[in-house]
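Architecture and fold: a report
Here's the letter readout for the chains.
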Amino acid sequence: MEKPTVGGTSPIRCTLEAGKKYAYCTCGKSEGQPWCNGSHKDTSFTPMVFTQEVEKTAGICTCKMTSNPPFCDGSHKSLAE
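To start, this report covers the structure provided alongside it. Please read these numbers as outputs of a predicted model, since none were measured by experiment.

Another point: the overall build of the protein. The secondary structure content of the protein amounts to 0 helices and 4 strands. Secondary structure of the protein in N-to-C order comes out as β-β-β-β. Taking 2.2 N^0.38 as the reference for a compact globule, 81 residues should give roughly 12 Å; the C-alpha atoms of the protein span a radius of gyration of 12 Å, in line with that estimate. On the principal axes, the C-alpha backbone points of the protein span a range of 35 × 30 × 20 Å. If you sum the accessible surface of the protein, you get close to 5,100 Å²; carbon and sulfur atoms cover 49% of it.

Laid out in structure tokens, this is it:
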């Protein structure tokens, strides 16, 4: 199974707007982390598309190791430095 590229080593704090659709990068290759820019082409990854139900400020995962995508769960702390 193909593993994602680590897109960053800390979450990006974002305000998610109610009713807005987002495409979270799952491959880690997007230059516009944490959002998809189409860099997953030629990989087995597809973006995680979701519509935010209520406005919320959250840490969005960039390491791609979270068990609760797209939200950071602290998994980046276990990455080798």
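Now for the packing of aromatic side chains. The final tally for this structure, using the stated rule, is 3 aromatic pairs. Both rings, one in Tyr22 and one in Phe50, keep their centres 5.5 Å apart while their planes meet at 25 degrees; by these two values the pair is stacked. With Tyr22 in strand 2 (residues 21-24) and Phe50 in strand 3 (residues 48-51), the pair connects residues that are 28 residues apart, well separated along the chain. Relative to Phe50, the ring of Trp35 lies with its centre 6.5 Å away and its plane at 40 degrees, an arrangement referred to as tilted. Linking Trp35 in the loop between strand 2 and strand 3 with Phe50 in strand 3, this pair joins segments that are 15 residues apart in sequence. Classification of Phe50 by relative accessible area gives buried; the value is 13%.

A few words on the nonpolar core. Looking at soluble globular proteins, one finds that nonpolar side chains tend to be buried together. Counting residues in hydrophobic clusters, the biggest one holds 10 residues: Cys14, Leu16, Tyr22, Tyr24, Phe50, Ala58, Ile60, Cys61, Cys63 and Phe71. Broken down by secondary-structure element, the contributors of at least two residues to this core are strand 1 (12-16), strand 2 and strand 4 (56-60). Residues in contact with Cys61, not counting those within four places in the same chain, are Tyr24, Pro34, Thr66, Pro70, Phe71 and Cys72.

By the definition in use, this model includes 0 disulfides. Here Cys25 is not disulfide-linked; the sulfur of Cys27 is the nearest cysteine sulfur, at 3.8 Å. When its relative accessible area of 1% is taken as the criterion, Cys25 is described as buried.

Cut-offs applied
- Residues numbered from 1 in each chain as written.
- Predicted model: local features only at pLDDT ≥ 70, side-chain atom pairs only at ≥ 80, totals over all residues.
- Heavy atoms only, no water.
- Helix = DSSP H or I, 4+ residues; strand = E, 2+ residues; numbered from the N terminus.
- Rg over C-alpha atoms; globule rule 2.2 N^0.38 Å.
- Areas by Shrake-Rupley, 256 points an atom, 1.4 Å probe, with all protein chains shown as cover.
- Phe/Tyr/Trp six-rings, centres within 6.5 Å; stacked < 30°, edge-to-face > 60°.
- Buried < 20%, exposed > 50% of the residue type's maximum accessible area, 1.4 Å probe, protein only.
- Core = buried A, V, L, I, M, F, W, Y, C linked by side-chain atoms within 4.5 Å.
- Contact = heavy atoms within 4.5 Å.
- Disulfide = S-S within 2.5 Å.

Read these as layout, nothing more, since geometry by itself doesn't imply function.
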